[in-house]
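# Observations on the three-dimensional arrangement
Letter by letter, the chains look like this.
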Amino acid sequence: MRITKHEHASLRLEAHGQTLLIDPGSYTLPLDGLAHLVGIVITHEHADHWTPEHLDRILRDAPGTPILAPEGVARAASGYDITVVAPGDTVQVGDFSLRFFGGRHAEIHSSLPIVDNVGVLVDDEFYYPGDSYAVPEGVEVGTLAAPLGAPWLKIGEAMDYVLAVKPRRAFGTHDMTLSVIGANMHRGRLQWATEQNGGEFFELAPGDSIEV
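Residues numbered from 1 in each chain as written. Predicted model: local features only at pLDDT ≥ 70, side-chain atom pairs only at ≥ 80, totals over all residues. Heavy atoms only, no water.

As named in an unreviewed UniProt entry, the protein chain is MBL fold metallo-hydrolase, taken from Microbacterium capsulatum.

Dropping the structure here:
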């Protein structure tokens, strides 16, 4: 599997001669080269994880591509054909196997509503929790995309999250709200947490990929 990090929370997975896209949101530049796209996963309804502009552009190039997302996205993106997924669901999209975890976005503040959020495990190898600290219980995670910065994120909690998941490999995502100095500091913390259980941390800039 080839995993490419795009700006902020957007991820491109390529395997089986197919492509899966996760969270093309407002901080992500227009995406191209989406050959053999078989599915789009949106973890939750916030604009930094999806926009109509991204979906319209992608669907013009790949009409009929399935979009999988929790109920909150289906309500927010009412003009699109959304396949609703929930924690505990297993779905086959093309040749990709997807399992969903979690259910709730991490709390930003008590004054703000908590929305639906799903973490997604792809091919029992790659896991991305969306905006949550949802641990995929009973799963040995090969590669984790770990959130680096967010209004809901405290770096100590993110470190504890990586320690709990124990991935063999990890890299940081959800990082466009951070300065360069802040992002580098947080990467260092998550690298430490990854290495405590023998894992390897990768520093990926937008457009960088790893093969797993």
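### Some details on the overall build of the protein chain
On a plain count of helices and strands, the protein chain comes out with four helices and 14 strands. The C-alpha atoms of the protein chain give 16 Å as radius of gyration, which agrees with the globular expectation for 212 residues (17 Å, within 12%). C-alpha atoms of the protein chain, sized along the principal axes, occupy 45 × 45 × 35 Å. Out of the 212 residues belonging to the protein chain, those deemed buried represent 54%. For the protein chain, contacts bridging at least 24 residues in sequence account for 57% of all contacts bridging at least 6. (Helix = DSSP H or I, 4+ residues; strand = E, 2+ residues; numbered from the N terminus. Rg over C-alpha atoms; globule rule 2.2 N^0.38 Å. Buried < 20%, exposed > 50% of the residue type's maximum accessible area, 1.4 Å probe, protein only. Contact = heavy atoms within 4.5 Å.)

### Some points on the nonpolar core
Of all hydrophobic cores here, the largest spans 25 residues; its most connected members are Leu13, Leu98, Val122 and Phe126. Sequence-distant contacts of phenylalanine 126, that is, excluding residues within four places in its chain, are made with Met1, Ile3, Leu11, Leu13, Ile22, Val120, Leu121, Thr143, Ala145 and Phe171. Listed in part, the 23 residues of the second largest apolar core include Val141, Leu148, Tyr161 and Val162. (Core = buried A, V, L, I, M, F, W, Y, C linked by side-chain atoms within 4.5 Å.)

### Examining helix α4 (residues 180–195)
Helical geometry: 3.6 residues make up each α-helical turn, so side chains three or four residues apart lie on a common side. A rise of 1.5 Å per residue sets the reference length of α4, with its 16 residues, at 22 Å; its end C-alpha atoms lie 22 Å apart and thus fit the reference within 8%. Listed as buried for α4 are Gly182, Ala183, His186, Arg187, Leu190, Ala193 and Thr194. Axial view of α4: buried residues confined to an arc of 130°, hence all on one face. Within α4, the exposed residues directed more than 90 degrees away from the buried face are Val180 and Ile181. On its buried side, α4 packs onto β11 (143–147), α3 (155–165), β12 (169–173) and β13 (200–202). (Expected span 1.5 Å × (residues − 1). Arc of directions from axis to C-beta.)

### Here we look at the sheet that holds strand β4 (residues 37–41)
Ordered by their spatial adjacency, seven strands build an open sheet running β6-β5-β4-β3-β2-β1-β14, and the pairing between neighbours is mixed. Among the strands making up the open sheet, the edge pair consists of β6 (82–84) and β14 (209–211). Geometrically, the sheet is characterised by an average inter-axis angle of 20° between neighbouring strands, direction not taken into account. Across four bridges, strand β1 (residues 2–5) lies against strand β2 (residues 11–15) in antiparallel orientation. What sits directly across from isoleucine 3, in β2, is leucine 13. (Pairing = 2+ DSSP bridges. Axes fitted to C-alpha atoms, helices over the stretch in contact; angles between N-to-C directions.)

### Focus on the sheet that holds strand β10 (residues 126–128)
Spatial strand order, β7-β8-β9-β10-β11-β12-β13: seven strands in an open sheet with mixed pairing. With partners counted over all chains shown, the strands left at the sheet margins are β7 (90–93) and β13, one partner each. Within this sheet the neighbouring strands show an average axis-to-axis angle of 25°, counted without direction. With three bridges joining them, strand β9 (residues 116–122) and β10 adopt antiparallel strand pairing. Each residue of the ladder has a partner; that of valine 120, found in β10, is tyrosine 128. α3 contacts β10 and β11 of the sheet and is inclined by roughly 165° relative to β11. Against the sheet, α4 makes contact with β11, β12 and β13, and its axis sits at roughly 155° relative to β13, the strand it touches most.

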